[in-house]
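Examination of the molecular architecture
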Number of protein chains: 2
Amino acid sequence: MEKEPLLMLPGPVPMPERVRMAMVRQAINHRGAEFGSIYADCVRVLKEIFRTKNELFVISGSGTAGMEAAVANFGRGREIACLVNGKFGERMYKIAQRYGTAHEIASEWGTPLDIASLEDRLTAGAEMVTLVHNETSAGILNPAEIVGKLARKHDALFVMDGITSIGGDEVRADAWGADVVVTGSQKCLAAPAGLSAVSVSERAWERISPERPYYLDLASYRKSAGAKVMETPYTPAVPLFLALREACLIIEEEGLAPRIARHRRNSEAVRMAAKAWGLDLLPELDRDHAYSNTVTAVKLPSGIQDSEFRGTIKKLGIEIAGGQDHLKGRIFRIGTMGATGAPEILATLAAVQHALRIHGYSPREDGVSAACGVLG
Amino acid sequence: MEKEPLLMLPGPVPMPERVRMAMVRQAINHRGAEFGSIYADCVRVLKEIFRTKNELFVISGSGTAGMEAAVANFGRGREIACLVNGKFGERMYKIAQRYGTAHEIASEWGTPLDIASLEDRLTAGAEMVTLVHNETSAGILNPAEIVGKLARKHDALFVMDGITSIGGDEVRADAWGADVVVTGSQKCLAAPAGLSAVSVSERAWERISPERPYYLDLASYRKSAGAKVMETPYTPAVPLFLALREACLIIEEEGLAPRIARHRRNSEAVRMAAKAWGLDLLPELDRDHAYSNTVTAVKLPSGIQDSEFRGTIKKLGIEIAGGQDHLKGRIFRIGTMGATGAPEILATLAAVQHALRIHGYSPREDGVSAACGVLG
C-alpha cells in the first residue's frame, strides 16, 4: 500500500498512533467492569471538554445519530426553531421536521444567523432551538452564547451541535445554557468515526418525550450508565470506545486550553495564507460571528476547476475538501482539526499555493511564509 | 496487561488477528473510491451469507439498530405480530410497540413458538411478522421457513433477526421469503461490535413508510449505496467497516458450507459434553425447532451458585454466559460463534467440568472426552 494521504478535511482527521493502536485488542465483554471503566474515562474527559456537569452518554452511531437523539427525545411534537446558515444547520432542520413542527430560520450559507427572527419565533412559542455551533460547510462560528441566552429567556430548550467545535474551540455548555449538546468522535477529538456523545441537562430531562425511538432512547442510556457497572443499553462499538478513551487521555495530557490555542493558531495560519494569496474567505461576519477555528472556507478564484485544483493537491498526497451542495466548485475548505500541527499545515499550504499557480492564479504574496509567521 | 480472557459468549466472540489489525489504519475519506470498494466487498459477501439477491446495507450501529431500522421503515402504523420465545424476541416486540400496533405471541423462553396463534393473528390482519431466528437467550433455533411461508400466504412482511445465526448456521433469506433480514457484526461473522447489516426485499420497498427515522432511514441508505461511488448517507464507522471487510474475506476463504459445518460440530460437542455430565439443555423442542448451533443453554444443577460457578471458570481465563432476566442463575450458556475451534471448545469444557466438580456436582461421565469424539 502506498502512503495514505494526509487528510486536511473537516473530518475525518489524522489520528494519533496511540488512538489507532488502541483498537487492535481482542474482544472484551462489554458488560464487564473493564468496559465500564473505559466508558467512564470517556465520559469524565468529555464532560470537561463540553464544560458541563450534566449527564453525558456515548452512542454507537455517528454525529447524525447524536443530533437525532437530541431532537427525537426532547423535541417530538414540539415547535422547533432551527437556525440555518449551512449544510449541517439544514440537516438539523430536516431531522426536526421528522419529529416536530420545525421552523427554518435561514440565512445564506456562511452569513450571520437571523437572531431577530429567532426572537420572533420564540415569542410565538417555539419550545426548542437548534444551532450548529461551528458550521463546517461554510467555515463560520455561530454565537452560541447569544442563542443560549435567548432560548433560556423564552424557556425553550437549546440543542447545540458542537460536532466540529468541541475539543478544538471553546465550548461552555453549562455557561451558555445549552441543554442538549452533541459531538462526534472523528472531528476535533481525533478519534475514529462512529461514535457520538450527547450531554443532557436537568431541564431537558424534565421535558423528555414519552414517545421515543429505541436505539437512540436517551432514557435507556441514562439507566444503563447508572447501573452498578456502567454500561450502554445495547452492544457498544467496543474498538471505537477504546480509541475514544485513548483520544480523551491525549486531550487531558495536552490540556484543553493549549489544544484550543493550537487549533486557533493553525486556522489563523490558514487564514493568513489566504490573505497573502489575495483570496477571500467565504464567511461574511458581523461582530457576533467569527471565522471557524477548525475549518477554513476559501473562495476559489474564478476560472479554476475545483476537481482539477484538488486533484493537483491530491497528487501531492494531501486531501482538502471542496464545497458542498450549491457551494460545490466555488470554495475549498481546509480542516485544521485534531492531531494536526505546523508540519501538516505547511505542507497543505505549500500544495495549495502550487495548485493555485499551476491552474492559472498568481498569488499576491507567499502564503506559506505568511503562515510560518503565525505558526513559528 | 495480563492475557485477555477467552470469550465463549453468545457474542462478542474472539476475532481473528487479521480482523483486528485491519482497524489500525490511518483515517480514510469515507466519500472516496476506496471506502466504496470496502463497503462493496462487505455487501457482496454478506449477500452470499444471507443467501439473498435483495439489496443489503451496513449501518453504523449495533444489531439493535438494525432491528429498529427494519420495524421503523416498514412497520410504522401497522399490525405487527411478534413471535417471542426469548429475550431478543421480547426486544423485537418492544421495538414494534414503538412504531405499530404490536401483538406479542409468547411462549416460555426456549419452548416452541406458537405457530397456531401466529396464523390466527395473520388471519386477523397482521401486516408484519417478526421472528428471532436463533434465540441466544435460550439456545433455540426457530423455524424461519415455516414462519416465512405463513407470512407470505397472508401477504405480510417477514422481518427476521438473523443476528446470531447468519454466518454460523444455514440461512436462506430469499428461499424462506424473509423480506427484511438483520445481522450484527460481533456474532458469527467474528468482527468487532458496532455494525449491523439489513437486507430489504422488493415487497418491503413497496410498503416503506412515508414517515421514517433519520439516521436509520433505509431509503437514504439505498440512495447513497446507489451513488456513483458507493457510500453511506452519514459518516460510517470506518475502522469497523475495515474489520468487517476482512472478516467477510475470511468467511469467503473458509467457505460458507465448511464454516456452518464447523459451527454445528462445535455446538454438537458442547451438547455431547452436557449429556455426558448428565445435565439438561434448556430448550424443549418439537420437530420444527432445533438446538442452536451457535450457543448452547444448559440447566445449572440445583445448588450451584451461578456467580461462583462462572467465577471459577473465569479464573481459568474463560468467560461463559449466565442466564438473562428470569433465567439468571438457572442456566449457563456457551457460545460457539465465529473464530472458535476445537482448542477453544476443549478448554472451555474442561473448565466447566472442573467448576461443576468443585461446586459439588459430580458429572456422570467425562464430557471433555465425549466432545473429543465429535471434534476429532
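Residues numbered from 1 in each chain as written. Chains lettered and ligands numbered in written order. Predicted model: local features only at pLDDT ≥ 70, side-chain atom pairs only at ≥ 80, totals over all residues.

Re the overall build of chain A
- Of the regular secondary structure elements, chain A holds 13 helices and 15 strands.
- Relative to a compact globule of 376 residues, whose C-alpha radius of gyration would be 21 Å, chain A shows 21 Å and is just as compact.
- C-alpha atoms of chain A, sized along the principal axes, occupy 60 × 55 × 30 Å.
- For chain A, with 376 residues in total, the buried portion stands at 60%.
- Partitioning the intrachain contacts of chain A with sequence separation of at least 6 by distance along the chain shows that 73% fall at a separation of at least 24. (Helix = DSSP H or I, 4+ residues; strand = E, 2+ residues; numbered from the N terminus. Rg over C-alpha atoms; globule rule 2.2 N^0.38 Å. Buried ≥ 20, exposed ≤ 12 C-beta atoms within 10 Å, placed from the backbone. Contact = placed C-beta atoms within 7 Å.)

Re the packing of helix α10 (residues 256-277) of chain B against helix α12 (residues 342-358) of chain B
All names here are of chain B.
- With their axes 11 Å apart at the nearest point, α10 and α12 run at an angle of 20° to one another. As the angle between them shows, α10 and α12 are arranged roughly parallel. Once α10 is placed against α12, the crossing between them reads as right-handed. Counted together, N266, A269, V270, A273 and W277 of α10 and I345, L349, Q353 and L356 of α12 form the full contact between these two elements.
- When grouped by side-chain class, the residues that make up the contact of α10 with α12 number seven nonpolar, two polar and no charged. (Axes fitted to C-alpha atoms, helices over the stretch in contact; angles between N-to-C directions. Parallel < 35°, antiparallel > 145°, perpendicular 65-115°, else oblique. Left-handed = near helix turned anticlockwise from the far one by under 90°. Nonpolar A, V, L, I, M, F, W, Y, C, P; charged D, E, K, R; others polar.)

Describing the relation of the copies chain B and chain A
- You can overlay chain B on chain A at an RMSD of 0.0 Å; the transform is a turn of 180° with a shift of 0.0 Å along its axis. Each copy turns onto its partner about a two-fold axis. Using C-alpha coordinates, one finds that chain B approaches the rotation axis most closely at G61(B), a distance of 2.7 Å. (Least-squares fit on C-alpha atoms with pLDDT ≥ 70 in both.)

Describing the sheet that holds strand β15 (residues 331-335) of chain A
Residue and element names in this part refer to chain A.
- As summarised here, the arrangement of the three strands in space is β12-β15-β14, forming an open sheet in which the pairing is antiparallel. Each edge of the sheet is formed by a strand with only one pairing partner; in this case those strands are β12 (295-299) and β14 (321-322).
- As judged from the five bridges shared by β12 and β15, these two strands associate in the antiparallel manner. Looking at β15, one finds that K299 is bridged to I331.
- Running at roughly 10° to β12, helix α10 (residues 256-277) makes contact with β12 and β15 of the sheet. (Pairing = 2+ DSSP bridges.)

Description of the sheet that holds strand β14 (residues 321-322) of chain B
Residues and elements named next belong to chain B.
- Here we have three strands laid out as an open sheet, ordered β12-β15-β14, and antiparallel in their pairing. Looking at which strands have only one partner, the edges of the open sheet turn out to be β12 (295-299) and β14.
- Sheet topology places β14 next to strand β15 (residues 331-335); two bridges connect them, and they run antiparallel. Bridge assignment links A321 to a residue of β15, and that residue is R333.
- Sheet contacts for α10: β12 and β15; angle to β12, the most-contacted strand, approximately 10°.

Here we look at the domain arrangement of chain A
Residues and elements named next belong to chain A.
- The domains assigned to chain A are domain 1 (6-11 + 255-375) and domain 2 (17-253).
- The distance between the C-alpha centroids of domain 1 and domain 2 comes to 27 Å.
- Where the side of domain 1 that touches domain 2 is concerned, the elements lending two or more residues are α10, β11 (290-291) and β12.
- In terms of residue count, α10 provides more of the side of domain 1 that touches domain 2 than any other element does, four residues in total.
- For the side of domain 1 that touches domain 2, the class distribution of residues is 14 nonpolar, nine polar and six charged. (Domains from an automatic or database assignment.)

Topic: the confidence of the model for chain A
- Taken over all residues, the pLDDT of chain A has a mean of 97, while the share at 70 or more is 99%.
- Across the interfaces of the predicted complex, the ipTM metric reaches 0.96, alongside a pTM of 0.97. (pLDDT = per-residue confidence, 0-100.)

Comments concerning unusual backbone geometry
- At the junction of G11(A) and P12(A), the peptide bond is cis and its omega measures out at -5° in the coordinates.
- Its location among the elements puts P12(A) in the loop between β1 (6-7) and α1 (17-21).
- Positive phi is not limited to glycine here, since D325(A) has a value of about 50°.
- Within the element layout of this structure, D325(A) appears in the loop between β14 and β15.
- Located in the positive-phi region is D155(B), a residue other than glycine, with phi close to 55°.
- Topologically, D155(B) is positioned in the loop between α6 (144-153) and β8 (157-161).

Brief notes about α10(A)
All names here are of chain A.
- Compared with the 32 Å implied by 1.5 Å per residue over 22 residues, the 32 Å span of α10 between its first and last C-alpha is a close match.
- Of the positions making up α10, those classed as buried are R259, I260, H263, N266, S267, A269, V270, R271, A273, A274, A276 and W277.
- Elements in contact with the buried residues of α10: α9 (238-254), β11, β12, β15, α12 (342-358) and α13 (367-375).
- G278, located one to two residues past α10, shows a positive phi value of around 85°. (Expected span 1.5 Å × (residues − 1).)

A look at the environment of K228(A)
- Following the sequence through the fold, K228(A) ends up in the loop between α8 (218-225) and α9.
- The exposure class assigned to K228(A) is exposed, which follows from the 7 C-beta atoms found within 10 Å.

Observations regarding the pairing of strand β4 (residues 101-106) of chain B
Residue and element names in this part refer to chain B.
- Bridge analysis of strand β3 (residues 79-84) against β4 gives six bridges, and the strand direction is parallel. Within β4, the position partnered with L83 by the bridge is I105.
- Between the parallel pair β3 and β4, the chain is carried across by helix α4 (residues 87-99), and the sense of this crossover is right-handed. (Right-handed = clockwise from strand over helix to strand, strands pointing away.)

Some words on the environment of I358(B)
All names here are of chain B.
- If you trace the backbone, I358 turns up in helix α12.
- According to the C-beta neighbour criterion, I358 is exposed, with 11 such atoms within 10 Å.
- For the pair I358 and T312, spaced 46 residues apart in sequence, the C-alpha separation works out to 8.7 Å.

Some points on the environment of D114(B)
Residues and elements named next belong to chain B.
- Among the structural elements, D114 can be located in the loop between β4 and α5 (115-123).
- In this structure the C-alpha to C-alpha distance between D114 and V84, which are 30 residues apart in sequence, comes to 8.7 Å.
- In this structure D114 touches I105 and S107, once residues within four positions along its chain are discounted.

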